[in-house]
Amino acid sequence: MMSEPRRRPPRSTDVARHAGVSQKTVSRVLNGEPYVSAEVRERVLAAARELGYRRNTAARALNLGRFHRIGVASLGTPLYGPASLLVALERRARDIGYALSVVHTLEGEPGGIVKAVESLLEQGVDGIVLSEPIDEGQALRIDTDVPVLSFGEFPGLNGPHVVITGESGVAAGRVATEHLLGLGHATVWHLAGPSRWWAARDRARGWRQALAAAGVPEPPPLEGDWSPASGYAAGRILAADPEVTAVFVANDDMAIGVLRALAEAGRAVPAQVSVVGVDDIPSAAYLSPPLTTIRQDFAATAAHGLALLIDRIERGAGPATHDDLPAHLVVRRSTAPPKEKA
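Now for a description of the structure that goes with this document.

Thresholds applied
- Residues numbered from 1 in each chain as written.
- Predicted model: local features only at pLDDT ≥ 70, side-chain atom pairs only at ≥ 80, totals over all residues.
- Heavy atoms only, no water.
- Helix = DSSP H or I, 4+ residues; strand = E, 2+ residues; numbered from the N terminus.
- Buried < 20%, exposed > 50% of the residue type's maximum accessible area, 1.4 Å probe, protein only.
- Contact = heavy atoms within 4.5 Å.
- Core = buried A, V, L, I, M, F, W, Y, C linked by side-chain atoms within 4.5 Å.
- Expected span 1.5 Å × (residues − 1).
- Pairing = 2+ DSSP bridges.
- Axes fitted to C-alpha atoms, helices over the stretch in contact; angles between N-to-C directions.
- Phe/Tyr/Trp six-rings, centres within 6.5 Å; stacked < 30°, edge-to-face > 60°.
- Parallel < 35°, antiparallel > 145°, perpendicular 65-115°, else oblique.
- Left-handed = near helix turned anticlockwise from the far one by under 90°.
- Nonpolar A, V, L, I, M, F, W, Y, C, P; charged D, E, K, R; others polar.
- Polar contact = N/O pair within 3.5 Å; in protein donor to acceptor, adjacent residues only side chain to side chain.

If you tally the helices and strands in the protein, you get 11 helices and 13 strands. A total of 342 residues make up the protein; the buried ones form 48% of that total. Considering only residue pairs separated by 6 or more positions, the protein has 69% of its internal contacts joining residues 24 or more positions apart.

Here it is, written out as structure tokens:
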């Protein structure tokens with residue numbers, strides 16, 4: 001019995017014929033180039049799916065000198081912020097015609113970020129994203145010829161095409177603190193994230209800036225590890241101090257622990273203590289009371305950052321630092337003016 005002849009894999013010309021467009025249009029769609037209508041783009045992508053077309057990425061890289069792949073060095077953590085940003089990056093990269101390669105680092109791993117970058121460069125990437133970097137406690141130096149986007153501060157990062165953005169933590173800390181001061185609180189206490197995280201440092205810096213601008217005293221900050229348990233432990237300390245009337249917490253998960261500790265101590269929120277978090281996690285609106293927080297728009301952050309990176313990849317130009325997206329305060333029922341003293 002003779003076996004059936006093996007079918008050749010579909011080519012871009014087959015996709016063009018099936019979609020009723022030119023091969024150039026197919027190339028533009030698959031390369032994520034502009035000047036193609038949404039209707040034509042979807043028709044081409046649908047034809048490619050129906051035919052089972054797959055691009056020869058190796059040949060394409062040789063022809064174009066690019067891989068159309070972006071590498072991401074991301075801290076391997078289930079925390080809401082880093083995980084949400086990674087999902088947003090993958091979705092946006094796919095929308096603009098780039099694949100995403102991710103290498104996770106471990107907190108406390110010596111040289112983890114450098115190793116991750118080296119691994120990505122070996123895989124072949126057109127650019128690199130550093131997501132949620134932390135201070136590894138040593139002088140790091142990363143030199144690379146491909147464009148690099150860092151979401152936040154990253155000392156030791158060097159190269160001809162380095163872009164720094166996403167320092168929205170400073171704005172988050174400042175806006176949250178200004179909200180509490182604007183309600184009439186004499187000062188604002190702060191439960192910070194782990195000091196090794198640049199995001200925690202940025203939010204604490206914004207808190208300090210707001211207090212300094214208002215000319216009010218700066219209470220000694222407490223430090224947690226982003227978890228509700230650490231928020232609960234810090235909340236018990238805050239609840240025992242009758243001078244505490246307003247608390248800015250560096251993320252919503254720790255704020256959950258703070259709310260629990262205050263409730264157990266009989267410190268009513270917001271009648272006696274106001275609390276603000278950061279992230280606007282899905283459960284924030286359903287806490288008791290609903291949590292006032294700073295919403296992070298991860299989709300907008302990813303789109304903004306990748307647009308800057310793609311400019312560097314495709315045009316090799318642009319400033320090294322960029323204005324960040326504004327912090328969005330979501331006011332719910334965990335903040336109120338301070339109760340007047342008898």
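Within soluble globular proteins, side chains that are nonpolar generally end up buried alongside one another. In this structure, Trp 197, Trp 226, Val 247, Val 249, Leu 262, Val 275 and Leu 291 are the most contacted members of the largest nonpolar core, which totals 27 residues. Listed by contribution, the elements that provide at least two residues to this core are β8 (189–192), α9 (228–239), β10 (246–249) and α10 (252–264). With five residues, α10 is the single largest residue contributor to this core. Every residue in contact with Val 247, bar those within four places of it in the chain, is listed here: Leu 180, Val 188, Trp 189, Leu 191, Leu 238, Val 273, Ser 274, Val 275 and Val 276. One finds Tyr 98, Phe 151, Val 163 and Leu 306 within the second-largest nonpolar core, a separate group that totals 20 residues.

Attention now moves to helix α8 (residues 198–214). Its 17 residues give α8 an end-to-end C-alpha distance of 24 Å, which sits within 8% of 24 Å, the value for a rise of 1.5 Å per residue. For α8, the full list of buried residues reads Trp 198, Ala 199, Ala 200, Asp 202, Arg 203, Ala 204, Gly 206, Trp 207, Ala 210 and Leu 211. Against α7 (168–182), β8, β10 and β11 (274–279) lie the buried residues of α8. Gly 215 lies just past α8 and shows a positive phi near 70 degrees.

Across the sheet, five strands lie side by side as β2-β1-β3-β5-β7; this open sheet has parallel pairing. Each of the sheet's edge strands pairs with one partner strand only, and the pair in question is β2 (99–105) and β7 (162–165). Each neighbouring strand pair of the sheet contributes to a mean axis angle of 20 degrees, computed without reference to strand direction. Relative to the sheet, helix α5 (residues 80–95) contacts β1 (69–75), β2, β3 (127–131) and β5 (148–151), its axis offset from that of β2 by approximately 160 degrees. Those strands touched by helix α6 (residues 112–123) are β1, β2 and β3, and its axis lies near 150 degrees from that of β2.

Let us look at the packing of aromatic side chains. The geometry of an aromatic ring pair is captured by the separation of the ring centres together with the interplanar angle, meaning the angle of the planes. Tallied over the entire structure, the rule returns two aromatic pairs. Note on Tyr 80 and Phe 298: the rings are 5.9 Å apart at their centroids and 75 degrees apart in plane angle, and the pair reads as edge-to-face. Within this pair, whereas Tyr 80 is found in helix α5, its partner Phe 298 is found in helix α11 (residues 298–315), the two being separated by 218 residues in sequence. Given a relative accessible area of 12%, Phe 298 falls into the buried group. Look at Trp 197 and Trp 226: their rings are 5.6 Å apart centre to centre, the planes differ by 75 degrees, and that puts the pair in the edge-to-face class.

Another aspect to go through is the pairing of strand β12 (residues 292–295). Pairing between β11 and β12: four bridges, direction parallel. Within the sheet, the bridge partner assigned to Val 276 lies in β12 and is Thr 292. Pairing of β12 with strand β13 (residues 328–330) involves three bridges; the strand directions are antiparallel. The residue bridging Ile 294 from the neighbouring strand is Leu 329, located in β13.

The geometry of helix α1 (residues 12–19) relative to helix α3 (residues 38–51) is characterised by a closest axis approach of 9 Å and an angle of 120 degrees between their N-to-C directions. Relative to α3, the element α1 is oriented oblique. Crossing handedness for the pair α1 and α3: right-handed. Residues Asp 14, Val 15, His 18 and Ala 19 of α1 form the contact with α3, whose own contacting residues are Arg 43, Val 44, Ala 47, Ala 48, Glu 50 and Leu 51. Considered class by class, the residues forming the contact of α1 with α3 number six nonpolar, one polar and three charged.

Next up on the list: the packing of helix α2 (residues 23–30) against α3. When two helices pack together, their arrangement is captured by the angle between the axes and the distance separating the axes. The interhelical angle for the contact between α2 and α3, taken along N-to-C directions, is 90 degrees, at an axis separation of 10 Å. On the basis of their axis angle, the class for α2 and α3 is roughly perpendicular. In this structure, α2 uses Thr 25, Val 26, Val 29 and Leu 30 to contact α3, whose residues at the interface are Val 40, Arg 41, Val 44 and Leu 45. The residue inventory of the contact of α2 with α3, partitioned by class, reads six nonpolar, one polar and one charged.

On to the side chain of Asp 14. Locating Asp 14 in the fold gives a position in helix α1. In this structure the side chain of Asp 14 is engaged in a polar contact, spanning 3.2 Å, whose partner is the side chain of Arg 17.

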